[in-house]
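Each chain, written out:
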Amino acid sequence: MVGTPPPATPARIPVPAIPAIPAVPAVPGSLVPGPRRPAEAAGPGARVRWYYESVLGWPTAPGTPVRLRTGVRFDVLDVPVQAGHAALRRLGPPGAAPRRPGFPVALRGGRMLLLVAAGGAEELPGLLEWLEWGSLPLDLTAVGAGGLMEAPLLPATGATGAAGSAGATDATGSADVAGSVGAAGSADVGRVGRGSALPPPRPRDHDGRARRGAAVWLRPPEQEGGAETSLPALSAVGGTAAAPDLARLVHTLATECHRFRLSSRCASPRLARATR
C-alpha cells in the first residue's frame, strides 16, 4: 500500500566477547606414552607367558613360575638327561647331529623333557607293554592331561624371532651344555653334549638359573607351521623328517633308560670301593 512504512528491523543484542584462553606451556615429560604390549610393561614373567600363549598358542597356568598345561597341545616324556642324549643320537641321521627342525626338547636339572603329541602320555603304558618293556623298572614317565610343565626360559631370539635359530652351536657351546645340566652332578653329561654335537640350550646360563634347576630349551619349538606339527605321534607311521613315530621314540628311550640304569648300578660298586 502506498505510504505504508516498512517493518521495523529488530535491534541487535550485543554479544559479549569471550576472552581467549591462554595456552598452557608444554612441560617436558608430560606426554602420555603410547600403549605397550602387556609383555613389555609387566616384566620377564609376563613376557614368558605372552610368548607361550600368544606366539605358540600354548595355555599356561596362573602363578609363578610360568607353567604350561599339558594334555592340551602336547604331552611330555620325562627321562634322565644322559639317556635322553643317547636316544637323540640314535634317532638322528648317522654321523650327524639331529635334524632341524625337530620336535621340541627341554632340559630341567638332570632330566630331559621331550614333547610329544597330546594323548601320548595315555599311550605310554600300553606301548611299553607292547614293546615288552612293561616288566622292567624304567625311569621313563609321562605327563599328560591335567599336568603341568615348567615353562622353559625363552629362546635366545626372544618372542619375535625364529626359535630354530636359537640352536646354533658356537665356540662356547659345550660349556653351555655342561653348565645347564650341571644339576645332574655328573661330568658324563658334559661329555655326552660335546660328543653328540647337540646344540647348546639357550639362553646361555650367565645368571646360573639353569644350574639352579630352571628349564631351558635344548631344541626350541618351531613357530612356522605350528609347533604341534613336529610332535611324535602314533598316527605318523615311521615318523617324519622332523619327528620319529611315537612307538619308535618310546622304544629308543626305554632302551637308553635301561642301559643307563645298568651302567649306573655297575658304576656304584666301583665308586664305593674307590672311596674306601
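The shown structure was predicted, so the numbers you read here are calculated from the model rather than taken from an experiment.

Reading the values: the criteria
- Residues numbered from 1 in each chain as written.
- Predicted model: local features only at pLDDT ≥ 70, side-chain atom pairs only at ≥ 80, totals over all residues.
- Heavy atoms only, no water.
- Buried < 20%, exposed > 50% of the residue type's maximum accessible area, 1.4 Å probe, protein only.
- Helix = DSSP H or I, 4+ residues; strand = E, 2+ residues; numbered from the N terminus.
- Arc of directions from axis to C-beta.
- Pairing = 2+ DSSP bridges.
- Phe/Tyr/Trp six-rings, centres within 6.5 Å; stacked < 30°, edge-to-face > 60°.
- Lys NZ or Arg CZ within 6 Å of the ring centre and 35° of its normal.
- Core = buried A, V, L, I, M, F, W, Y, C linked by side-chain atoms within 4.5 Å.
- Contact = heavy atoms within 4.5 Å.

Colleague: When you look at helix α4 (residues 120–130) in this model, what are you seeing that I'm missing?
Modeller: Spacing of three or four residues puts side chains on the same side of an α-helix, whose turn is 3.6 residues. Taken residue by residue, α4 has Gly120, Ala121, Leu124, Leu127 and Leu128 as its buried positions. Seen from one end, α4 has its buried residues packed into an arc of 95°, which puts them on one side. Looking at α4, the residues exposed on the side facing more than 90 degrees away from the buried face are Glu122, Pro125, Glu129 and Trp130.

Colleague: In this structure, what is going on with the sheet that holds strand β1 (residues 60–61)? I would like to understand it.
Modeller: Strand-to-strand pairing in sheets goes through backbone hydrogen bonds, with the strands running parallel or antiparallel. If you trace the three strands from one edge of the open sheet to the other, you get β1-β2-β7, paired in antiparallel fashion. Two strands bound the open sheet, and with one partner strand each, they are β1 and β7 (148–150). Where strand β2 (residues 67–69) meets β7, three bridges bridge the pair, whose relative direction is antiparallel. Across the sheet, residue leucine 68 finds its bridge partner in β7, namely methionine 149.

Colleague: I keep staring at the packing of aromatic side chains and nothing clicks. Help me out?
Modeller: To describe a pair of aromatic rings, you give the distance between the ring centres and the angle between the ring planes. Overall, the coordinates contain three aromatic pairs when judged by the stated rule. Aromatic pair tyrosine 51 and tyrosine 52: ring centres 5.1 Å apart, planes at 75°, arrangement edge-to-face. When the centroid spacing of 4.7 Å and the interplanar angle of 50° are considered together, the rings of tryptophan 58 and phenylalanine 74 count as tilted. Residue tryptophan 58 is found in the loop between α2 (44–55) and β1, and its partner phenylalanine 74 is found in the loop between β2 and β3 (75–80); the two are separated by 16 residues along the sequence. No difference in accessibility class separates tryptophan 58 from phenylalanine 74, as the two residues are buried. An aromatic cluster of at least three residues, connected via ring pairs, comprises Tyr51, Tyr52, Trp58 and Phe74. Sitting over the ring of phenylalanine 103, arginine 219 keeps its end group 5.1 Å from the ring centre.

Colleague: I would appreciate a short explanation of the nonpolar core in the present structure.
Modeller: Generally speaking, nonpolar side chains in soluble globular proteins are found buried as a group. Counting 31 residues, the largest nonpolar core has Leu77, Met112, Leu114 and Leu140 as its most contacted members. Broken down by secondary-structure element, the contributors of at least two residues to this core are β3, α3 (81–91), β4 (105–108), β5 (111–116), α4, β8 (216–219) and α7 (246–274). Tallying contributions element by element places α7 first for this core, with seven residues. What leucine 140 contacts, discounting residues up to four positions off in sequence, is Leu77, Asp78, Val79, Leu124, Leu128, Val250, Leu253, Ala254 and Cys257.

Colleague: Teacher, can you tell me more about unusual backbone geometry here?
Modeller: It is generally the case that most residues other than glycine have a negative phi and that most peptide bonds are trans. Going from threonine 64 to proline 65, the amide bond is cis rather than trans, its omega being -5°. Take proline 65: it is sitting in the loop between β1 and β2. Although it is not a glycine, glutamate 132 sits at a positive phi angle of roughly 65°. The topology assignment puts glutamate 132 in the loop between α4 and β6 (141–143).

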